[in-house]
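# Structural overview for review
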Amino acid sequence: NLVEGHMLHVYDFLVRVPYVIVPPCSANSSNIEIPAGATINHMIRQVDFLPTVLDLAGVPIPDDLDGRSLRPLLTGAPWTPEPAYLSVSGLPRDLELRGVRTETHKLSYGP
C-alpha cells in the first residue's frame, strides 16, 4: 500500500511533522526572543504545540494541560527532550501499533 500513499505504521517518515514558528512582525506585539532563521534539530512532541503557542502568546498554561512549552528550547535555554509515545490503529482493532521514541532510539510494537 505504500505505493498508493497508504501505510499503517509508526515509521519516522510517516509520523515526523515539521513545526514552524513565525513571530509577529511588529516588535510591539510580543516579547518573543526567537532568533530569526533559527533551526532546532531536537525531537519535540505534538502534545507540546498548544502549551508553546499559549506561552508565546502570553496566555497562562493550565496545570491540567498535557505537554510543556518549547520556549526554553527556542530561546537557547537548557532542554531535556521527553519521550514521545506513538500509536496508530486500523480496522480490525488488532492492527494497533504502538511505539516510544527518544532522540536516539525508537521501539515499536504490534501484532
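Heads up: the structure comes first, above all this text.
Quantities reported herein were computed from a predicted structural model and do not represent experimental measurements.

### What to know about the pattern of salt bridges
Under the counting rule described, the total for this entry stands at four salt bridges. Residue Arg68 is joined to Glu82 by a salt bridge in which the shortest nitrogen-to-oxygen separation is 4.0 Å. Of this pair, Arg68 sits in the loop between helix H2 (49–56) and helix H3 (71–74) while Glu82 sits in the loop between H3 and strand E1 (84–88), placing them 14 residues apart in sequence.

### Some points on the pairing of strand E2 (residues 97–101)
Two strands pair when backbone bridges link them, and E1 and E2 are joined in this way by five bridges, in the antiparallel orientation. Following the sheet pairing, Ser87 is matched in E2 by Arg98. Note that E2 and strand E3 (residues 106–109) share four bridges and pair antiparallel. Looking at the pairing, Val100 lines up with Leu107 of E3. Adjacent in sequence and paired antiparallel, E2 and E3 are bridged by four residues.

### A closer look at H2
Those residues of H2 not exposed but buried are Pro51, Thr52, Leu54 and Leu56. Gly58 lies just past H2 and shows a positive phi near 80°.

### Brief notes about the environment of Asp55
For Asp55, the location among the structural elements is in helix H2. For the pair Asp55 and Leu70, spaced 15 residues apart in the sequence, the C-alpha separation amounts to 8.6 Å. Non-local contacts of Asp55, meaning those with residues more than four positions away in its chain, are made with Ile61, Ser69 and Arg71. Side chain to side chain, Asp55 and Ser69 meet in a polar contact 2.6 Å long.

### Things to note about a nonpolar patch on the surface
A surface patch of nonpolar side chains, about 310 Å² in accessible area, is lined by Tyr11, Phe13 and Leu14. Classification of Phe13 by relative accessible area gives exposed; the value is 55%.

Cut-off values and rules
- Residues numbered from 1 in each chain as written.
- Predicted model: local features only at pLDDT ≥ 70, side-chain atom pairs only at ≥ 80, totals over all residues.
- Heavy atoms only, no water.
- Salt bridge = Lys/Arg side-chain N within 4 Å of Asp/Glu carboxyl O.
- Helix = DSSP H or I, 4+ residues; strand = E, 2+ residues; numbered from the N terminus.
- Pairing = 2+ DSSP bridges.
- Buried < 20%, exposed > 50% of the residue type's maximum accessible area, 1.4 Å probe, protein only.
- Contact = heavy atoms within 4.5 Å.
- Polar contact = N/O pair within 3.5 Å; in protein donor to acceptor, adjacent residues only side chain to side chain.
- Patch = residues over 30% accessible without salt bridge, like charges linked within 9 Å, V, L, I, M, F, W, Y side chains within 5 Å.
- Areas by Shrake-Rupley, 256 points an atom, 1.4 Å probe, with all protein chains shown as cover.

From the geometry alone we can't say anything about function, so treat these as descriptive.
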